[in-house]
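# Results of the structural survey
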Amino acid sequence: MNILKTVTHKLDHMEGLAVLTVYLLLLGAFAIAAPGVFTQYRIYMSFLETVPPLLILALGLTIVVAAGEIDMSFSAVIGWSGLVFAAIFRTFGMPWLAFSLAILAGALVGFINGLLVAKLRIPSIMATLATQFFWRGVTVLVCGGLSWNIKAIRPYFIHTLFVGRIGGIVPAQSIWAIGVAILLWFILNRHKFGENVLFTGDNANVGKIMGVNVVATKIMAFTLMGALSGFAAVLLTLDMINFWTTQGQGFLLPTMAAVFIGGTSLSGGAGSIVGTFFGAYIIGSLEAGVVASGIGGYWVHLVTGVVMGVSILANIKLAETKGNQLALSARLKQTVLFRGLGRKREK
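Below is a summary of the structure that appears in this document. All figures in this text were calculated on a predicted structure; none of them were measured in a lab. Along each chain, residues carry numbers from 1 onward, in the same order as the chain's sequence is written. The predicted origin of the model limits local features to residues at a pLDDT of at least 70 and limits the giving and counting of side-chain atom pairs to 80 or more, whereas totals for whole chains, interfaces and linings rest on all residues. In computing side-chain values, all of the structure's heavy atoms are included and hydrogens and water are not.

### Points about the pattern of salt bridges
Here, a salt bridge means any Lys or Arg side-chain nitrogen found within 4 Å of an Asp or Glu carboxyl oxygen. Applying the stated criterion across every chain yields a total of three salt bridges. Linking Glu 49 and Arg 165 is a salt bridge whose minimum nitrogen-to-oxygen distance equals 2.8 Å. Residue Glu 49 is located in helix α4 (residues 41-50), and its partner Arg 165 is located in strand β2 (residues 165-166); the two are separated by 116 residues in the primary sequence. One salt bridge connects Glu 195 with Lys 192, and the closest N-O pair in it is separated by 3.9 Å. Of this pair, Glu 195 and Lys 192 both sit in helix α11 (residues 192-202), three residues apart, which is roughly one turn of that helix. We count a stretch as a helix when DSSP gives it H or I for four or more residues in a row; a strand needs E for two or more, and each element gets its number in order from the N terminus.

### Points about the environment of Leu 108
Positionally, Leu 108 belongs in helix α7 (residues 95-119). Under the scheme applied here, a residue whose accessible area is under 20% of the maximum for its type counts as buried, over 50% as exposed, and between as partly exposed, the area being computed with a 1.4 Å probe on protein chains only. Exposure remark for Leu 108: the relative accessible area of 42% places this residue in the partly exposed category. Through-space distance from the C-alpha of Leu 108 to that of Phe 222 is 9.6 Å; in sequence the pair is 114 residues apart.

### Let's talk about the environment of Gly 211
Relative to the helices and strands, Gly 211 resides in the loop between α12 (204-209) and α13 (214-240). Exposure remark for Gly 211: the relative accessible area of 60% places this residue in the exposed category. Sequence separation between Gly 211 and Asn 196 is 15 residues; the distance between their C-alpha atoms is 9.2 Å.

Read these as spatial facts, not as claims about activity.
In structure tokens:
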């Protein structure tokens, strides 16, 4: 009985449990509807190849949303950073220089977004929507509307490192995406910056009283989002061995859906990296699952809407059952400052 209670207690406090449950049920339904596809390993290797760019974008967006803001420009950054990567490699034949400048190009966009939102106090949805159009326009103008092939990069180590196949089976980009997820989980849940992000998203004014630099925190969150968008662009460009003008245009809504399916609060102050991780794989597997099941491609968006609604509802109900919605006063007791004061009193 004690073991059962312990297991139940741990499950109640497991991050992303609702989304994981939905994902497993979804895979089970697809396996029943299309056993010839979903009982074979190849479909899962396909997901591990195609989902990582979406996942990395969603993980970065989770940080921004947890800070109480939104970023609408990352889809344009995919094109912009992809352009920088392809242009530098084609011009100089130096893949690592191209990689570094692509990440910096994305971080620059994020930094500008942060300044517009935090310094000039422009609502983030308006500021980043404007920068989305701006950087998309810059990308089209610079490349002249043309796509660029970079097949010459195949023999380079950077291609094997980021998008090669481990053991000839597992896509390397999936390992990088998992690494980013683990890193961001520790940042959001165990680092001072993550604590500042949650304070900023929950109540910026109280955060200021607690010593949080709200302006710097928002700028850092947007810059991180930009850098991750640049990284996602590099993975996508390397995988396709090509840069194209409209690169990234289809990522906006799926990325946002992955974040909110994962349980991150739109109002800020709470974010789930684990939830976003499984949310991205839910979104990434829906189209293939629906088509393989024989339902038809026209049903993809309808099924996505239903799954998104069920996932969000499951997150809400689970939170109500646990009774652990994080109030500001409860989080206050878990801060680095208060833990430090507690240790001093014990001494």
